Amino acid sequence: MAGFQVAICGASGAVGVEIVNCLHKRNFPVSRVRLFTSPRSAGKTTSTPYGPLQYELFSVEAAREADIVFLAVDGTFAKTHAAALSEGNGPIVIDNSSAFRYHDEVPLVVPEINAHAIGDAKIIANPNCTTAVAAMALWPLHRQYKIEKLIISTYQAASGAGQPGIDELEAGLRQWAGGEAVTNEKFVHPLPFNVLPHIDVFRDDGYTKEEWKVLAETQKIFGDPGIKVSCTAVRVPTRRAHAEAITAVFGLDVTPDEARATMATGTGVEVVDSVGDNAYPMPLNASGKDDVEVGRVRQSSVFGSRGLDLFVCGDQLLRGAALNAVLIAEAAVLEEFAGLRKKHTLPYKKKLLARYATYGAVAAVVAATAMEYLRR
């Protein structure tokens, strides 16, 4: 079977499971999928779209046998192992943690926005889930009207804390329904029937690290350090999919109708905005969906003709994590191909094209790129 060897570290977690699902759903060209996990799960067999696969105990040596490694792990693990995995002729490493997002030499990528940033990087950072969801709706507007300021309030699902967060919410609901005291470990307070304006650690300036991430990552992904962002991040007792209320201030006048039309041109964005039909973005509708929903678009009563209020909702485990990581892998495949232009002879290029032509979801784009390349 033609394709890439792919490894997922943290494969038994919520994001790791969704990475496998996304690879299969998008028909990403794989010849082998390896699932690395902790000693607790190693040796167990799990059902996947590729059939039963066995969890393996992680080692750098074993993971380096892959062509692409997805890190669905915490930042400490990524900082410890990413460089050793990718060095020399090692694989491309796509990291879902915050370990490398703010390193100048590491691209932070939402492929529909800045796939060009990948270049020949061996470590590529996946953005924070909140940033990725908002960016999908905001990027078309920024290109057209230039965003100057953003005020964001988030409504972040339990899934943002991974499978343990989902488990704690569900367990807490069962405890409440049974008349028991609701306990908490993953969250700083019980989450059922509560909202927590506290995600990640507090900084000296009063913002949490989660809130600061939205500022730093939006500026880096959009390539515009002048964008000002103020964010309040709140955990809410929804199971899956984050929502965000956004006020955006632009350099140019923009009406709600113009904004809807502009966002509708964006890839990965669905405008859901028919208040007469009670149609607007909601976590229940966005869960399990690749596209980010945007609606409730209206002129800002504070910032006037250059301000808009809008509401976005997106699946944290997909656009905010696994799907974006797989899209990065697809983009990296194209970058790898493009990078071969000056390195190889025409017979090798034709052989490579034949290999890429079997590559499912990316085949059409790769083939078009390759054919143009071979004509040169």
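So, here is what we can say about the structure in this document. Residue numbers restart at each chain and count upward from 1, following the sequence in its written direction. Local features are withheld for residues below a pLDDT of 70 in this predicted model, meaning they are given only at 70 or higher, and side-chain atom pairs are given and counted only at 80 or more; totals for whole chains, interfaces and linings count all residues. For side-chain calculations, the full set of non-hydrogen atoms in the structure is used, while hydrogens and water are omitted.

### A few points about the overall build of the chain
Step number 1: Runs of H or I in DSSP of at least four residues are treated as helices and runs of E of at least two as strands, each being numbered from the N terminus. When its secondary structure is counted, the chain shows 12 helices and 13 strands.
Step number 2: The contact definition used throughout considers only heavy atoms, calling two residues in contact when any of these lie within 4.5 Å. In the chain, once contacts between residues fewer than 6 apart in sequence are set aside, the share between residues at least 24 apart is 68%.
Step number 3: Calculation of accessible area relied on Shrake-Rupley with a 1.4 Å probe; when residues are assessed, cover is drawn exclusively from the protein chains displayed. A total of about 16,800 Å² of accessible surface is found on the chain, and carbon and sulfur atoms cover 53% of it.

### As for the sheet that holds strand β6 (residues 92–95)
Step number 1: The rule for pairing is simple: two strands pair if DSSP sees at least two bridges between them. Ordered in space as β3-β4-β2-β1-β5-β6-β7, the seven strands form an open sheet in which the pairing is mixed. This sheet does not close on itself; its edge strands, each paired only once, are β3 (45–46) and β7 (123–125).
Step number 2: The sheet contact formed by strand β1 (residues 4–9) and strand β2 (residues 30–37) spans six bridges and is parallel. Of the residues in β2, the one forming a bridge with Val6 is Val33.
Step number 3: Axis lines are fitted through C-alpha atoms, for helices just across the contact stretch, and the angle between N-to-C directions can take any value from 0 to 180 degrees. In the packing of helix α1 (residues 14–25) onto the sheet, the strands contacted are β1, β2 and β5 (68–71), and the crossing angle to β1 comes to about 160°.
Step number 4: Most of the contacts of helix α3 (residues 75–86) go to β5, to which it runs at about 175°, and overall it touches β1, β5, β6 and β7.

### With respect to the side chain of Thr130
Step number 1: Topologically, Thr130 is positioned in helix α5 (residues 129–145).
Step number 2: Contacts of Thr130, omitting those with residues within four sequence positions, involve Thr154, Gln156, Glu210, Val214, His242 and Glu244.

### Section: the pattern of salt bridges
Step number 1: In the sections that follow, a salt bridge refers to a side-chain nitrogen of Lys or Arg positioned within 4 Å of a carboxyl oxygen of Asp or Glu. Evaluation of the coordinates by the stated rule reveals 18 salt bridges.
Step number 2: In this structure, the salt-bridge partner of Glu330 is Arg26, at a minimum N-O distance of 2.7 Å. Within this pair, whereas Glu330 is found in helix α10 (residues 318–338), its partner Arg26 is found in the loop between α1 and β2, the two being separated by 304 residues in sequence.
Step number 3: Only protein chains enter the accessibility calculation, which uses a 1.4 Å probe; a residue whose area is less than 20% of its type maximum is buried, one above 50% is exposed, and one in between is partly exposed. Relative accessible area serves as the criterion here: at 26%, Arg26 is assigned to the partly exposed category.
Step number 4: Of the charged contacts, one joins Arg260 and Asp273 as a salt bridge, the two residues approaching to 2.7 Å between their closest N and O atoms. A residue pair is termed long-range when its members are at least 10 positions apart, and Arg260 in helix α8 (residues 256–264) and Asp273 in the loop between β11 (269–271) and α9 (283–286) qualify at 13 residues.

### Quick look at the sheet that holds β11
Step number 1: Taken in spatial order, the six strands make up an open sheet running β9-β8-β10-β13-β12-β11, and their pairing is mixed. Only two strands of the sheet have a single partner each, and these edge strands are β9 (228–232) and β11. The average angle at which neighbouring strand axes cross in this sheet is 25°, direction not considered.
Step number 2: Here strand β12 (residues 292–300) runs beside strand β13 (residues 304–314); their pairing, made up of six bridges, is antiparallel. Bridge pairing in β13 places Arg298 opposite Asp309.

### Here's the deal with the environment of His103
Step number 1: As for its position among the elements, His103 is in the loop between β6 and α4 (111–114).
Step number 2: Look at His103 and you get partly exposed, because its relative accessible area is 32%.
Step number 3: Sequence separation between His103 and Ala125 is 22 residues, and the spatial gap between their C-alpha atoms is 9.4 Å.

### As for the environment of Glu56
Step number 1: With respect to the secondary-structure elements, Glu56 resides in strand β4 (residues 53–57).
Step number 2: Counting along the chain gives 14 residues from Glu56 to Ala42, while the straight-line C-alpha distance between them is 4.9 Å.
Step number 3: Residue contacts for Glu56: discarding those within four places in its chain leaves Arg32, Arg34, Leu35, Phe36, Thr37 and Ala42.

### Looking at the nonpolar core
Step number 1: For this analysis, a nonpolar core means a set of buried residues of the types Ala, Val, Leu, Ile, Met, Phe, Trp, Tyr and Cys, connected via side-chain atoms within 4.5 Å. Leu150 and Phe222 are the most contacted members of the largest nonpolar core, which has 53 residues in total.
Step number 2: Among the elements that make up this core, the one with the highest residue count is α5 (nine residues).
Step number 3: Counting 39 residues, the second largest nonpolar core, distinct from the first, contains Ala11, Cys22, Leu323 and Leu327.

### As for the packing of α5 against helix α7 (residues 209–222)
Step number 1: One can describe the packing of α5 onto α7 by two numbers: an axis separation of 10 Å at closest approach and a directional angle of 40°. Judged on the interaxial angle alone, α7 and α5 are oblique. In this structure, α5 crosses over α7, and the sense of that crossing is right-handed. Residues Thr130, Thr131, Ala135, Leu138, Trp139 and His142 of α5 pack against Glu210, Lys213, Val214, Glu217, Thr218, Ile221 and Phe222 of α7. Roughly parallel here means an angle under 35 degrees, roughly antiparallel means over 145, roughly perpendicular means 65 to 115, and every remaining angle is called oblique. Note: crossing handedness is left-handed where the near helix turns anticlockwise from the far helix by less than a right angle, and right-handed where it turns clockwise.

Without other data, these values stay purely geometric and don't point to any function.
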